[in-house]
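Structural description and commentary
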Amino acid sequence: MPMRILIVDDSRIMRNIVKNTLLSLKYPADVFTEAADGEEAFSILEKSEISLLLLDWNMPNLNGLELVKRLRSLEKFQNLPIIMVTSEAAKYNIIEAVKAGVTDYLVKPVNEKSLQEKIRNALEGTNV
Amino acid sequence: MNIRYITPFIEATQNAFLELLGSKPEALTPFLVRREEVLDWDISGVIGIAGEARGVVVLSFPRGLAQEITTILTGQMKTSVDDDVIDTVGELVNIIAGNAKRGLEEFKLMISLPSIVQGDSHQIGWPSGSVPIVGIPFTTPQGHFNLSVGLENIITV
């Protein structure tokens, strides 16, 4: 399966920072798709083959946590690797996200090393 | 002045600037903000806090510094307050408020989406009541900015 990474954040600046970080790690430019909220992300996920979701928490319309719960309730998305990339740094937030079904959790601001490590771990065992 | 729980906000601000912009702003002496005060800033990002304490976090910049930070983050020269500058200020206050929760773990807090207030010497509508609003001035080689925090039951003076 070719790699496709969906970056979901209501901040265009933050989507670009994540994308540029991955570009500097030699990810090809054509693997990225972007969405500005959970609803837009869900609609993309329904239509496209996405191999990894990098998902913000606090967003309008459908937030990241609600999207995770919706995705994990559907068989098609049970195994989709989801990394929550959020400013929410409290332990109780991390626990809530893990209970909802995220694969991993990264607190903003992102740094290159942790993003690379989280992605590598999340994709381990998948056919990407 | 006995100010509790200001440190997580100072650390979150310094860490956000260090990670995103490569330099750590210096925090100057905190002060009590007067509610009627008209801010000497051009753009502010505002986050509401709810849960086991109600409050607000406001990050305020002069226009030039907000544009300069956005120029660094986007790689595109910013000469006016456009959507990218607004987005940058909103995302910075979001990161600061979210990261500060790490140092306030004994309270379960929820943060709102950021709002932006713009305009020369604009005013912020602070929460009513006796909650003190603490201002923390920061300085960078490019200029000054300010973080104001008011949290019911948490920040006391």
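Residues numbered from 1 in each chain as written. Chains lettered and ligands numbered in written order. Predicted model: local features only at pLDDT ≥ 70, side-chain atom pairs only at ≥ 80, totals over all residues. Heavy atoms only, no water.

Secondary structure summary: chain A contains five helices and five strands in total. Expected size for 128 residues packed as a compact globule is a radius of gyration near 14 Å; at 13 Å, chain A falls within 12% of this value. Counting only C-alpha atoms and orienting by the principal axes, one finds that chain A spans roughly 30 × 30 × 25 Å. Put simply, chain A has 128 residues, and 55% of those count as buried. Long-range contacts, defined as pairs at least 24 residues apart, comprise 63% of the intrachain contacts of chain A with a sequence gap of at least 6. A gap of 3 Å separates the mean positions of the 16 positive and 18 negative side-chain charges of chain A. (Helix = DSSP H or I, 4+ residues; strand = E, 2+ residues; numbered from the N terminus. Rg over C-alpha atoms; globule rule 2.2 N^0.38 Å. Buried < 20%, exposed > 50% of the residue type's maximum accessible area, 1.4 Å probe, protein only. Contact = heavy atoms within 4.5 Å. Lys, Arg positive; Asp, Glu negative; His and termini not counted. Charge placed at Lys NZ, Arg CZ, Asp CG, Glu CD.)

With that out of the way, let us pick up the pairing of strand E4 (residues 55-61) of chain B. Residues and elements named next belong to chain B. Across the seven residues of E4, seven count as buried, placing the element largely inside the fold. The two faces of E4 match: Gly55, Val57, Leu59 and Phe61 on one face and Val56, Val58 and Ser60 on the other face are all buried. With seven bridges joining them, strand E3 (residues 43-51) and E4 adopt antiparallel strand pairing. Residue Ile43 lies in a different strand from E4, and its bridge partner there is Phe61. Between the antiparallel neighbours E3 and E4 lie three residues. Two elements, E4 and strand E8 (residues 143-151), share six bridges in a ladder whose sense is antiparallel. Within E8, the position partnered with Gly55 by the bridge is Leu151. (Pairing = 2+ DSSP bridges.)

Attention now moves to the sheet that holds strand E2 (residues 32-35) of chain A. All names here are of chain A. What the five strands build is an open sheet, ordered E2-E1-E3-E4-E5; its pairing is parallel. Taken across any chain shown, the strands that pair with only one partner, and hence form the sheet edges, are E2 and strand E5 (104-107). Ignoring strand direction, the axes of neighbouring strands in this sheet form an average angle of 20 degrees. Bridge count for strand E4 (residues 82-86) against E5 is four bridges, and the pairing is parallel. Residue pairing in the sheet places Thr86 in a bridge with Val107 of E5. (Axes fitted to C-alpha atoms, helices over the stretch in contact; angles between N-to-C directions.)

With that settled, the discussion passes to the interface of chain A and chain B. Taken together, the contacts link 22 residues of chain A with 23 residues of chain B. Carbon and sulfur atoms supply 54% of the area that chain A and chain B bury against each other, a total of about 1900 Å² over both sides. Per-residue buried area on chain A facing chain B is highest for Ile13(A), Tyr92(A) and Pro109(A); these three make up 35% of the total on that side. The tally of links between chain A and chain B comes to three salt bridges. A salt bridge links Arg12(A) to Asp84(B), with the nearest nitrogen and oxygen atoms 2.5 Å apart. Counting only elements with at least two residues in the side of chain A that touches chain B, the list comes to helix H1 (12-24) and helix H4 (91-100) of chain A. (Buried area = accessible area lost by both parts, 1.4 Å probe. Salt bridge = Lys/Arg side-chain N within 4 Å of Asp/Glu carboxyl O.)

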